[in-house]
Amino acid sequence: MTKIQLICMSGVVRIAVIKEQNLLDFGVWYPGHSDGFGDIYLGRVDSCLTALGGAFITLGKNLSGFLPENAGAKGLHEGDWIIVRVTRSHQGGKGLRLDGRNIPPLTLPKDKTPELLQAGPSLFEELAQRWHNADIISDELNITNLIPASYKSRVHLAKEPIDPEIMEQIDALETNEVALPMGMRASITPTPALVAIDMDTATQSNDNQNKLRSQFNANQLALPQLLHQLKLRNLSGAIIVDLAGLPIKKRRLFQREFEQALQNDPLHPKFLGFTNLGLAEITRPRKRPPLHEVFSCDHGQAIQILGNLERKFKSLASPHQYQQITLILSIPLYQALQNDQWAVNHFEKRCTISLSIESNPSFTTCQWEYQYA
């Protein structure tokens, strides 16, 4: 039976779609911090740039996005008003991508100003719709209050802890290394331009023919699991895969394996073929931020600190002797939590203690400390 498991920690809900002991899908949901995907705005044209093939649209204070000509920018002029939807969240140093087509009828404000008109579906809603026949299992009662009414009938409280094997698979998503069948491994290296994936085999043999056959079989077995990581980690944009230990001519025999392994991906990535160097080329649409950016951005690091603080507090011999924790952060991390009050409140509920947030300008970006009172 397929189920959607909600795994809670202070400020964050990890969403794992599970069947038996297999992790089918995954996402990190911050209820107090939207990634903006699917949001609908009333925007004002800031500038039209023919050379770039589109226009920059002001969406609010310190918020703008790019609207391509083929998505509704054609014919617009500076100062025009337009309703747009976010089709790509901030990621990889790239700003919001917008679309002005197929927007549902909405009530506009009397006084025109760039503003959010309608929030897009959360990551939870996206996964709940994608896996519409799966029960939703939550390990925390308070989280069920955040679930829209249309999904309530599918929600159940967890009766037992999540399978440790599934937790190992989830924890592995925070690393750049992927364990694959037959002792193979893959290293995933995101760069500003593309995602590079290097496969490596442990096959050792003095017989070149047997070695080549073993490496071919190992790559064949490992490839579906490796490409499944694209969905689990939400890797997007240009993706390059370097198969392990095979000559270029042999690598081209894997076209069918690539195409079949990508068929079940909801974002419909495309296999483009092999370069002259034998590197496999894949493109996967950018929509929500990839997992490595979700974890490494200021907000993601701040939420991880809350989780670490929760574990430290609950490990105390007598945690209830304290009434308050003061968390001191670098300015970027402090600002991230200031903009996610839900996460702070969630920590207080889970730990039954008051949490005070302070900043220290002398701290390095990732530095933090805490004090009990």
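So, how was this worked out
Residues numbered from 1 in each chain as written. Predicted model: local features only at pLDDT ≥ 70, side-chain atom pairs only at ≥ 80, totals over all residues. Heavy atoms only, no water. Buried < 20%, exposed > 50% of the residue type's maximum accessible area, 1.4 Å probe, protein only. Helix = DSSP H or I, 4+ residues; strand = E, 2+ residues; numbered from the N terminus. Pairing = 2+ DSSP bridges. Arc of directions from axis to C-beta. Contact = heavy atoms within 4.5 Å. Core = buried A, V, L, I, M, F, W, Y, C linked by side-chain atoms within 4.5 Å. Salt bridge = Lys/Arg side-chain N within 4 Å of Asp/Glu carboxyl O. Axes fitted to C-alpha atoms, helices over the stretch in contact; angles between N-to-C directions. Parallel < 35°, antiparallel > 145°, perpendicular 65-115°, else oblique. Left-handed = near helix turned anticlockwise from the far one by under 90°. Nonpolar A, V, L, I, M, F, W, Y, C, P; charged D, E, K, R; others polar.

*Asks:* Explanation requested: the pairing of strand 3 (residues 22-29) in the structure shown.
*Replies:* For a regular strand, the rule is simple: side chains alternate between the two faces of the sheet. For strand 3, the buried fraction is high: seven of the eight residues fall into the buried class. Note: strand 2 (residues 12-19) against strand 3, seven bridges, orientation antiparallel. If you follow Arg 14 over to strand 3, its bridge partner there is Val 28. Here strand 2 folds back onto strand 3, and the loop between the two strands holds two residues, one of which, Glu 20, carries a positive phi near 55°.

*Asks:* Explain helix 9 (residues 341-351) to me, please; I cannot follow it from the model alone.
*Replies:* Structural remark: α-helix, 3.6 residues per turn; residues separated by three or four positions point the same way. Taken together, the buried positions of helix 9 are Ala 343, Val 344, His 346, Phe 347 and Cys 351. Taken end-on, helix 9 shows its buried residues confined to a sector of 160°, consistent with a single buried face. Looking at the buried side of helix 9, the elements it contacts are strand 1 (2-9), strand 2, helix 7 (298-314), strand 18 (324-329), helix 8 (331-338) and strand 19 (354-359). With its phi angle positive at about 50°, Thr 352 sits one or two positions after the end of helix 9.

*Asks:* What am I meant to see in the nonpolar core here?
*Replies:* When a protein is soluble and globular, its nonpolar side chains tend to lie buried together. In this structure, Ile 170, Leu 327 and Leu 355 are the most contacted members of the largest nonpolar core, which totals 37 residues. For this core, the element with the most residues is helix 7, which contributes six residues. Aside from chain neighbours lying at most four places away, what touches Ile 170 is Ile 7, Arg 14, Ala 16, Leu 23, Phe 26 and Ile 162.

*Asks:* Help me understand helix 1 (residues 123-130) in this model?
*Replies:* Listed as buried for helix 1 are Leu 123, Phe 124, Leu 127 and Ala 128. Down the axis of helix 1, the buried set is contained in an arc of 130°. They therefore lie on one face. Those residues of helix 1 that are buried are in contact with strand 1, strand 2, strand 3 and strand 10 (135-138).

*Asks:* Honestly, the pattern of salt bridges in this entry has me stumped. Any pointers?
*Replies:* A complete count under the given rule lists eleven salt bridges for this structure. Linking Arg 130 and Asp 25 is a salt bridge whose minimum nitrogen-to-oxygen distance equals 2.7 Å. Of the two residues, Arg 130 is situated in helix 1 and Asp 25 in strand 3; the sequence distance between them amounts to 105 residues. Residue classification places Arg 130 among the partly exposed positions, given a relative accessible area of 29%. Note on Asp 25: relative accessible area 1%, which makes it buried. In this structure, the salt-bridge partner of Glu 140 is Arg 350, at a minimum N-O distance of 2.4 Å. Here the residue Glu 140 occupies a position in the loop between strand 10 and strand 11 (155-157), and Arg 350 occupies one in helix 9, the gap between them amounting to 210 residues. Taken together, the shared-partner salt bridges connect Asp 25, Asp 35, Glu 126, Arg 130 and Arg 288 into one network.

*Asks:* How do you make sense of the sheet that holds strand 20 (residues 368-372) when you look at a structure like this?
*Replies:* Two pairing modes exist for strands in a sheet, parallel and antiparallel, and in both the strands are linked by backbone hydrogen bonds. Spatially, the three strands line up as an open sheet ordered 19-18-20, and their pairing is mixed. Edge strands, defined here as strands with exactly one partner in the open sheet, are strand 19 and strand 20. Along the sheet, successive strands turn relative to each other by an average axial angle of 20°, direction set aside. Bridge count for strand 18 against strand 19 is six bridges, and the pairing is parallel. Counterpart to Ile 325 in the pairing with strand 19 is Leu 355. Set on the sheet, helix 7 makes contact with strand 18, strand 19 and strand 20; between it and strand 20 the angle comes to about 35°.

*Asks:* Just checking my understanding: could you explain the packing of helix 7 against helix 9 for this structure?
*Replies:* Describing two packed helices takes the angle between their axes plus the distance from one axis to the other. Packing of helix 7 against helix 9 leaves a shortest axis separation of 11 Å and a crossing angle of 15°. For the element pair helix 7 / helix 9, the angle class is roughly parallel. In this structure, helix 7 meets helix 9 at a crossing whose hand is right-handed. Contact residues: Ile 303, Leu 306, Leu 309, Glu 310, Phe 313 and Lys 314 in helix 7; Ala 343, Phe 347, Arg 350 and Cys 351 in helix 9. The residue makeup of the contact of helix 7 with helix 9, split by class, is seven nonpolar, no polar and three charged.

*Asks:* What am I meant to see in the sheet that holds strand 3 here?
*Replies:* An order of 3-2-1-10-11 is seen for the five strands of this open sheet, with the pairing classed as mixed. The sheet terminates laterally at strand 3 and strand 11, the two strands that pair on one side only. Across the sheet, the mean angle from the axis of one strand to that of its neighbour is 25°, orientation sign disregarded. With eight bridges joining them, strand 1 and strand 2 adopt antiparallel strand pairing. Paired with Leu 6 across the two strands is Ile 15, which belongs to strand 2.

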